[in-house]
Structures are given as structure tokens and as C-alpha cells.
Amino acid sequence: MRNQGFTKEDRMNQLPEDLILRILSFLLTELVIATSVLSKQWRSLWKLVPNLEFDSDDYESEHYTFSEIVCKSFLSLKAPVLKSLHLSFRLKSVNPVDIGLWIGIAFARHLRELVLYVAPKQTFTFPSSLCICNTLETLKLILGIHVDIPCPVLLKSLRSLHLDSVSYKDEESIRNLLSSCPILENLVVYEYWYNVVNFDIEVPSLKRLEICDVLHKKEFRRYTINVPCLKYLRIEGLYKDFELCLNAPELVEAYFTKGSFIIADKFLGSLKSAKRLSLDILALKVVYPTGSIFYQLVYLEMHTRREEWWNLLTVMLDSSPKLQVLKLIDHTQDVSKDNVVSEKWNEPKYVPECLLSHLETFVWIRYDWEREEEKEVATYILRNAGWLKKGTISTNPIESKDLEKLEERRKMLNELDSVVRASNSCNLVFEFE
């Protein structure tokens, strides 16, 4: 009888080769190569793995440099198609010329995904010569990368582009990069550095766009976004010195977080095709009347730890005749009111159409039962939402030993529960965190 060790080896050898290659594709290349000692069958199997991942911090050898190890791996590679190449490195560990050479070899193997990560406080220039590939579908550039593209290139298969904390030689480099992607569908821009004030995004094929710019609160930035096919938009940041010009007539979902700027016709009008909208922004000024009607909007999410957020709510209720779900959220459990100026809420002159005939779900997360304007808003909605089916209101936690506070909350919520509701079928639920 064979011992247990040989039985395990036999079982490994009996696995289908495609399955083995799939398992190996999830490992760092260093570990993949190490499997060559497992058995005769596995000795050369690693050379067929269509995914390569190298990190200079993980490669330390007394005999070979990081560049030599990567070069040997490329020379041994037998996979006809290279699905992905992930390179993470410090410039002290690699010659930039070698990076270009490796990427060129990968392009010749019909590379589908390229991820470049350069350690912070270093700069690797990503030249236009590396932007010509017929098969590349995903490109991710992260941290210490400088994009220098003086003229349009061609990435005709690229569908997903991630630009994470990279810098650009100039605004023209951004335009040339984006214009070189005729079928680009997904774009992520996370911060950016140096020499750029205007960030122009004009991509006719784009369907999904995410922008995060929260570090540059004191620098003027302008985003001009012309994306006729965009369906999904998420923007985090954008402060009072930012300017946002948006043209997205097919937009379905839009999320704005951690920003502060003027809410006016031009901004709201660019969102009027949206069906789902989330606004976590400080409206420095709400311009009346908006004149923008959100005929498609059925889901609205707003955040209540912003100055005069209720004025923006009034605008949105008046402008969203088909709204079905309203969700109000306070992000924090901080009960401090220093960041919200207490003023009386002026309810709409006429009951909005959405309350009379469409709103079915009302949710308020971390409702502040001590604030008068929040009580007024909640009461108004319950009294006028004729089609409301369910209301869910949660509050911040109170320590069990604070009996006086608990009793105050109970009385205030009982008052809210006793409000005469426009909808006889409304089920109002209170939840305590």
C-alpha cells in the first residue's frame, strides 16, 4: 500500500491542467515558480500561467537582482496569451528601461491587463510609446507615475482605465490619453498632482466614471465632463474652489460625497436624467428657482449633517414628481451640533407632487430627535405623503444609565408616532442603534 504522501501527489497530478493553471494564476509569480519542485508534471507547468505579478519588495536574492528575476521569468514564459501583468517596484530596484522592455514583451503576448505601481516619492515617466497595444483591456497606473503623452496614441481595446494619484506633464497629456481610447467604458480618477488645473473628460463611449479629489481643498480645479453615454457617476470631494461642468444626458445613478459648492440650475440640470441620486454635499448656496425637473428620479439619498440641508431637500422634493424612495442619513454618531446652524425650516408653499402620489418609502438614519427642524421635516413628510407604505426612523444610541435622556427620546418619538398621516397604510418603525 502506498503511503499518504504519494497518494496526495497522485491526486495533484490527476487534476486537469486547466484547473491547475487557474489555481496558479491567483499566486504571486515567485510562488508559482516555486511549485515547479512539486512533481515532474509541475516542473514546467508554471511557464504556461497567463498571469505575472512581481513586487520588488518581495524579491530578495543573493544571486539575482529583481530585474534579472523578472527577465528570466519572461524568457521562460510559454503562455501564448498573457492575461495580466502586475508590476510593483521601487526605482532603486529596477532600471526604467527594463520596465519598457517588459511591457513591450507583454504587449507582444497579447496582454489584456496591465497594473503599474510605483512606490511613493518616486517618479516613473509613463511615455506615449507604451500606449500602443491592440489587446490591452484594462490599464491601472498607481502612485509615482508621471504621464507624458504629447500626441494621441491608440489603445483600441481599452475598456477600463484607473489613474490613481498619478501626475501629468500637462493638460494635453490627459486629453491625448483619453482620446486614444475609442471604446473606454470605465474611468477612475483618484487625486492627481502638478501642472493641471483643467481636467477634461470627453469620452463618447464612457459608461462609468468615478472621481475622488479630497486633498486639494485650497487649489482651484475645473472638471469638464462631456460623456453622452454615461450611466454611473461617483464624485468624492470637489470643494468651493472647484468648478464642475457636466454633460451626461443618459445618466442613471449619481453619487456626490464630501463636497461643498454652489447648487444651481447648471449643476442640477446636468443630473435631470438620473433615476438614483445621492447628495452628501455642503450646499454653499441654493439658487432658486432651479427650473430643473427630475422626471426620472425615483430614489433620493441626502445627508443631514450639512448646513441648511433642508433647503436643498425642499428643492429636490419640488423637482422630483415621481420620487418613490427618500432616504435621509447622518453619517456620524457625533451628537455635536456645532457644524450645523440651527434655523427654522420653511416648508414648501405647495405640497410636492411626489408626496401626493408617488413616495412609498421614507428612511431616516440617525434622526436627531432633539433638533426642531428635523422634527418639522419628518412631521411634514408623514402628514403629506399620501402613498407612503413604510417609514423607518433610527436614532443615535443613548447610554442605558442616562434615564432622563431615554425618557426625553421616548416622548419625542411618541409625538412623531402620533402625527396624523396622509397614508392610512403607512407602517412607521423606530429603530435604536
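Along each chain, residue indices are assigned from 1 in the same order as the chain's sequence is written. For a predicted model such as this one, the threshold for reporting local features is a pLDDT of at least 70, and the threshold for listing and counting side-chain atom pairs is 80 or more; totals across whole chains, interfaces and linings nevertheless cover every residue. The basis for every side-chain value is the complete set of heavy atoms in the structure, and neither hydrogens nor water enter the calculation.

K.L.:
Can you lay out the packing of aromatic side chains for me, pointing to particular residues and giving the numbers?
P.N.:
Stacked, edge-to-face and tilted are the three classes for Phe, Tyr and Trp ring pairs, Trp counted by its six-membered ring, which pair at centre distances within 6.5 Å; planes under 30 degrees apart are stacked, over 60 edge-to-face, the rest tilted. In total, this model carries 10 aromatic pairs according to the counting rule given. Residues Tyr232 and Tyr255 carry aromatic rings whose centres are separated by 5.6 Å and whose planes lie at 40° to one another, so their mutual orientation is tilted. On the criterion of sequence distance, the pair formed by Tyr232 in strand β13 (residues 232-237) and Tyr255 in strand β15 (residues 253-263) is long-range, its members being 23 residues apart. Pair check on accessibility: Tyr232 and Tyr255 agree, each one buried. Summarising the aromatic geometry, the rings of Trp309 and Trp310 are spaced 5.7 Å apart at their centres and angled 80° between planes, so their arrangement reads as edge-to-face. Of the two residues, Trp309 and Trp310, both sit in the buried class. Strands are runs of DSSP state E lasting at least two residues, helices are runs of H or I lasting at least four, and both sets are numbered from the N terminus onward. Between buried and exposed lies partly exposed: a residue is buried under 20% and exposed over 50% of the maximum accessible area for its type, with that area taken using a 1.4 Å probe on protein chains only.

K.L.:
Would you mind going over helix α11 (residues 403-417) in detail, with residue names and values included?
P.N.:
If you check α11, its first and last C-alpha atoms are 21 Å apart, about what 15 residues at 1.5 Å a residue would give, namely 21 Å. Turning to α11, its buried residues number three or more, namely Arg409, Leu413 and Leu416. Along the axis of α11, the buried residues cluster in a sector spanning 50°; they form a single face. Residues of α11 that are exposed and point more than 90 degrees away from the buried face comprise Leu403 and Glu404. Helices are assigned an expected span. That span is 1.5 Å times one less than the residue count. To be clear, the arc concerns the directions from the helix axis to the C-beta atoms.

K.L.:
Explain the packing of helix α4 (residues 66-76) against helix α5 (residues 96-108) residue by residue, including any values.
P.N.:
Two numbers describe a pair of packed helices, the interaxial angle and the distance between the axes. Lines fitted to C-alpha atoms define the axes here, with helix axes fitted over just the stretch in contact, and angles between the N-to-C directions of these axes take values from 0 to 180 degrees. For the pair α4 and α5, the least separation of the axes is 11 Å and the interaxial angle reads 15°. Of the possible angle classes, the one that applies to α4 and α5 is roughly parallel. In this structure, the crossing between α4 and α5 has a hand that is left-handed. Along its contact with α4, which presents Phe66, Ser67, Val70, Cys71 and Phe74, the element α5 presents Asp98, Trp102, Ile105 and Ala106. Small angles under 35 degrees read as roughly parallel and large ones over 145 as roughly antiparallel, with 65 to 115 read as roughly perpendicular and the rest as oblique. By the definition used in this description, the sense in which the near helix is turned from the far one sets the handedness, with an anticlockwise turn below a right angle giving left-handed and a clockwise turn giving right-handed. Working rule for contacts: check all heavy atoms of both residues, and any pair within 4.5 Å makes them a contact.

K.L.:
Report on the nonpolar core, specifying residues and quantitative values.
P.N.:
Counting 107 residues, the largest nonpolar core has Leu85, Leu116, Leu187, Ile201, Leu277, Met316 and Leu326 as the members making the most contacts within it. Two domains each provide a minimum of three residues to this core, namely domain 1 (23-109) and domain 2 (324-332 + 350-432). Dropping the residues within four chain positions of it, Leu277 is found in contact with Ala254, Phe256, Leu271, Phe294, Leu297, Tyr299, Leu300, Glu301 and Met316. As used in this record, nonpolar core signifies buried Ala, Val, Leu, Ile, Met, Phe, Trp, Tyr and Cys residues forming a set joined through side-chain atoms within 4.5 Å. Here the limits of each domain have been adopted from an automatic or database domain assignment.

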